[in-house]
Amino acid sequence: MKEKSSNRKIHPIVRPMAGVAGRTSEWRTQRPELKNELCTKCMMCVIHCPDDVINLDTNGFPVIDQYYCKGCMICQEVCPHSAIDEIETLPGGEFDA
Ligand code: SF4
Ligand code: SF4
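Residues numbered from 1 in each chain as written. Chains lettered and ligands numbered in written order. Predicted model: local features only at pLDDT ≥ 70, side-chain atom pairs only at ≥ 80, totals over all residues.

Chemist: Would you explain the overall build of the protein in this entry?
Modeler: From N to C terminus, the protein includes 2 helices and 4 strands. Residues classed as buried in the protein amount to 19% of the 97 residues present. Contacts in the protein between residues far apart in sequence, at least 24 positions, make up 76% of those at least 6 positions apart. (Helix = DSSP H or I, 4+ residues; strand = E, 2+ residues; numbered from the N terminus. Buried ≥ 20, exposed ≤ 12 C-beta atoms within 10 Å, placed from the backbone. Contact = placed C-beta atoms within 7 Å.)

See below:
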C-alpha cells in the first residue's frame, strides 16, 4: 500500500471580490454580452470569472456587472454554448450599469 506524501503543499483558496481593484471597466477594450437564448445556465462563466462580477437573475440566467467587468473574456472562453459575444469598447468609456 502506498503511503500519503507528508510534504504535500496546501494552497489557500481566495475568493475574488468585485471592485477590489477599482472600476475595472475603465481598462477594457472589449466587453462580454450575454445571449440568453443560447444559455443553458451551466454556471461555467460564473465559476471562472476572476473578478466575481457575474451574478444570476431571478430566472437563473447570468448577469454581468459591467461596472466592474474588466473585459478579460474568460467567460466567453469557457462558455460551452457560445452564449457570450465580444463587443468592442473604448477604454475609460462605456459601461452598462
Ligand atoms: S470579461 Fe467575463 S470573465 Fe472577465 S471580468 Fe468580465 S465578466 Fe468576468
Ligand atoms: S457559460 Fe455560457 S451557457 Fe453557461 S451559464 Fe454562462 S453564458 Fe450560460
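Chemist: How should I be thinking about the site of ligand 2 in this particular structure?
Modeler: Not every one of the 13 residues close to ligand 2 is listed here, only the nearest: Cys39, Cys42, Met44, Cys45 and Cys79. Split into classes, the residues belonging to the shell around ligand 2 amount to 10 nonpolar, 2 polar and 1 charged. (Near = placed C-beta within 6 Å. Nonpolar A, V, L, I, M, F, W, Y, C, P; charged D, E, K, R; others polar.)

Chemist: Just checking my understanding: could you explain the environment of Leu56 for this structure?
Modeler: With respect to the element layout, Leu56 can be found in strand β2 (residues 54-56). Through-space distance from the C-alpha of Leu56 to that of Lys41 is 9.0 Å; in sequence the pair is 15 residues apart. Beyond its immediate chain neighbours, meaning those up to four positions away, Leu56 contacts Phe61, Pro62 and Val63.

Chemist: Teacher, can you tell me more about the nonpolar core here?
Modeler: Nonpolar side chains tend toward joint burial in soluble globular proteins. Counting 11 residues, the largest nonpolar core is built from Cys45, Cys49, Val53, Ile54, Ile64, Tyr68, Cys69, Cys75, Cys79, Ala83 and Ile84. What Cys45 contacts, discounting residues up to four positions off in sequence, is Ile54, Pro62, Cys75, Val78, Cys79 and Ile84. (Core = buried A, V, L, I, M, F, W, Y, C linked by C-beta atoms within 7 Å.)

Chemist: What exactly am I supposed to notice about unusual backbone geometry here?
Modeler: It is generally the case that most residues other than glycine have a negative phi and that most peptide bonds are trans. Within the chain, Lys41 stands out as a residue other than glycine whose phi angle is a positive 60°. With respect to the secondary-structure elements, Lys41 resides in the loop between β1 (30-34) and α1 (44-48). In this structure, Met73 is a non-glycine residue whose phi angle is positive, near 65°. Examined against the element boundaries, Met73 turns out to sit in the loop between β3 (62-64) and α2 (74-78).

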